[in-house]
Amino acid sequence: MSDFEKLGAFYIGRGYDARQDALAARTAEREELPRRIDQEATDLTSSLDANQMALTRLRIAPRKSDIAIGRIAIAWEPWRAGADGLPRPASVL
C-alpha cells in the first residue's frame, strides 16, 4: 500500500466502504444482542413455569427383574424396664 493510500490510521482505497459497512453491521448486532438475550431468557423462563405445565399421572408397575435386593441387615437394641417402670435401652441402665 503506497503512502497516497494511507491517511493516519485509516486506509483509503478498495474495500474501505465495505469494511465500514461490515463494521457498522457488527456494531448494530452487538448493540442488539443484550435485548435478544433478555427476550430469549424471558421466553425460556415463561415456558418452564411449573404452573403452565400439564402433568399426566402415569402408573407403571415394576417387574420382577426391576427389583434387586443388595443386603439385608437387622439392628436390635435390648430394652428393659427402669427403676421407675418406664422402658429404657439396656445400655443406659
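This one's a predicted model, so the numbers in the text were calculated from it and none came from an experiment.

(A) Summary view of the overall build of the protein. Looking only at helices and strands, one finds 1 helix and 4 strands in the protein. The order of α-helices and β-strands along the protein, N terminus first, is β-β-α-β-β. Taking all 93 residues of the protein together, the buried fraction comes to 2%. Taken as a whole, the protein presents about 9600 Å² of accessible surface, with 57% of it coming from carbon and sulfur.

(B) Up close: a nonpolar patch on the surface. A cluster of nonpolar side chains, namely Leu44, Leu48, Met53 and Leu55, defines an oily patch on the protein surface of about 470 Å² accessible area. Counting through the fold element by element, leucine 44 comes out in helix 1 (residues 16-47).

(C) Fine view of the pattern of salt bridges. If you walk through the whole model with that rule in mind, you get 4 salt bridges. Two residues, glutamate 29 and arginine 26, come together in a salt bridge whose shortest N-O distance is 3.4 Å. Residue glutamate 29 and its partner arginine 26 are located together in helix 1, separated by 3 residues, close to a single helical turn. By relative accessible area, glutamate 29 is classed as partly exposed at 47%. A relative accessible area of 54% means that arginine 26 is categorised as exposed.

Calculation rules
Residues numbered from 1 in each chain as written. Predicted model: local features only at pLDDT ≥ 70, side-chain atom pairs only at ≥ 80, totals over all residues. Heavy atoms only, no water. Helix = DSSP H or I, 4+ residues; strand = E, 2+ residues; numbered from the N terminus. Buried < 20%, exposed > 50% of the residue type's maximum accessible area, 1.4 Å probe, protein only. Areas by Shrake-Rupley, 256 points an atom, 1.4 Å probe, with all protein chains shown as cover. Patch = residues over 30% accessible without salt bridge, like charges linked within 9 Å, V, L, I, M, F, W, Y side chains within 5 Å. Salt bridge = Lys/Arg side-chain N within 4 Å of Asp/Glu carboxyl O.

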